[in-house]
Amino acid sequence: MSLDVSPKLLAEAQQGDISEADFVDTVRTSLPYAYDLVASLAAELRDGTAEFTDNQTPPPSERERGQLLRALASDAIRGSLERHFGVSLAFQNCHRVAAFRPEATDGASYARFTSVRSQILNQSPEFRDC
């Protein structure tokens, strides 16, 4: 799944660096499910007191699952979303995304969420092809 890059942004990139805001806007319009999911997790985190919030609901279709995988598999996209929303993202399977407060990445909750044990415990046969 590719980003839908405007000719203007492509021309800017060919000339040099682009603004991260323009890149994030391209992500927002190209991968709306992934962008909206991260936005909602970040808002929930910001409005609460927990160290993290996470999504455990599978995407409605393979198209949305593809958007989520594309966003989290790209260092540039993932990093831009993290900076834009002020969170640190963690990812366990084809839909379980968590948004952590950046200062919580040194804590026990983040270590547990990203541990190999949690990865194993968060698997099921229906995730084999996702």
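Structure's up top.
The structure displayed is predicted, hence computed values, not measured ones.

1. Concerning the pattern of salt bridges
So, point 1. Across all of its chains, the model carries 5 salt bridges by this definition.
So, point 2. One salt bridge connects R28 with D25, and the closest N-O pair in it is separated by 2.5 Å. Of this pair, R28 and D25 both sit in helix 2 (residues 20–30), separated by 3 residues, roughly a single helical turn.
So, point 3. A relative accessible area of 36% means that R28 is categorised as partly exposed.
So, point 4. The partner of R96 in a salt bridge is D54, with the nearest N and O atoms 2.6 Å apart.

2. Thoughts on helix 2
So, point 1. For helix 2, every residue scored as buried is listed here: F23, V24, T26, V27 and S30. Along helix 2, the residues classed as buried sweep out an arc of 155° about the axis, all on the same side.
So, point 2. On its buried face, helix 2 sits against helix 1 (7–15), helix 3 (32–47), helix 4 (62–73) and helix 5 (75–85).

3. Focus on the packing of aromatic side chains
So, point 1. Going through the model one piece at a time under the given rule, you end up with 5 aromatic pairs.
So, point 2. Ring centres of F100 and Y110 lie 4.9 Å apart, and the angle between their planes is 85°; on these two criteria the pair is classed as edge-to-face. With F100 in strand 3 (residues 97–100) and Y110 in helix 6 (residues 108–113), the pair connects residues that are 10 residues apart, well separated along the chain.
So, point 3. Three or more aromatic residues joined by ring pairs form one cluster here, namely F52, F100, Y110 and F113.

4. So, the packing of helix 2 against helix 5
So, point 1. Taken N-terminus to C-terminus, the directions of helix 2 and helix 5 make an angle of 110°; their axes are 10 Å apart at the nearest point. Taken together, the axes of helix 2 and helix 5 lie roughly perpendicular to each other. Residues E20, F23, V24 and V27 of helix 2 touch helix 5, and the partners they reach there are A76, I77, S80, L81, R83 and H84.
So, point 2. Looking at side-chain class alone, the contact of helix 2 with helix 5 contains 6 nonpolar, 2 polar and 2 charged residues.

5. Observations concerning the nonpolar core
So, point 1. By size, the foremost hydrophobic cluster in this structure holds 23 residues, and its most contacted members are I77, L81 and L89.
So, point 2. Here this core gets 8 residues from one element, more than from any other, and that element is helix 3.
So, point 3. Once residues within four sequence positions are removed from consideration, I77 is found in contact with L3, F23, V27, L31, R70 and A71.

6. What to know about the pairing of strand 3
So, point 1. What you see with strand 3 is no split at all: V97 and A99 on one side and A98 and F100 on the other are buried throughout.
So, point 2. Judged from the 3 bridges that link them, strand 1 (residues 52–54) and strand 3 form a sheet pairing that is antiparallel. The partner of T53 across the bridge, within strand 3, is A99.
So, point 3. Alignment of strand 2 (residues 88–91) against strand 3, held across 4 bridges, turns out to be antiparallel. What sits directly across from F91, in strand 3, is V97.
So, point 4. Where strand 2 folds back on strand 3, the antiparallel hairpin that results is connected by 5 residues.

7. Quick notes on the environment of A42
So, point 1. Among the secondary structure elements, A42 is positioned in helix 3.
So, point 2. When the C-alpha positions of A42 and E64 are compared, they lie 19 Å apart, and in sequence the two are 22 residues distant.
So, point 3. Here A42 is in contact with F85, V87 and A99, once residues within four sequence places are set aside.

What counts and what doesn't
- Residues numbered from 1 in each chain as written.
- Predicted model: local features only at pLDDT ≥ 70, side-chain atom pairs only at ≥ 80, totals over all residues.
- Heavy atoms only, no water.
- Salt bridge = Lys/Arg side-chain N within 4 Å of Asp/Glu carboxyl O.
- Helix = DSSP H or I, 4+ residues; strand = E, 2+ residues; numbered from the N terminus.
- Buried < 20%, exposed > 50% of the residue type's maximum accessible area, 1.4 Å probe, protein only.
- Arc of directions from axis to C-beta.
- Contact = heavy atoms within 4.5 Å.
- Phe/Tyr/Trp six-rings, centres within 6.5 Å; stacked < 30°, edge-to-face > 60°.
- Axes fitted to C-alpha atoms, helices over the stretch in contact; angles between N-to-C directions.
- Parallel < 35°, antiparallel > 145°, perpendicular 65-115°, else oblique.
- Nonpolar A, V, L, I, M, F, W, Y, C, P; charged D, E, K, R; others polar.
- Core = buried A, V, L, I, M, F, W, Y, C linked by side-chain atoms within 4.5 Å.
- Pairing = 2+ DSSP bridges.

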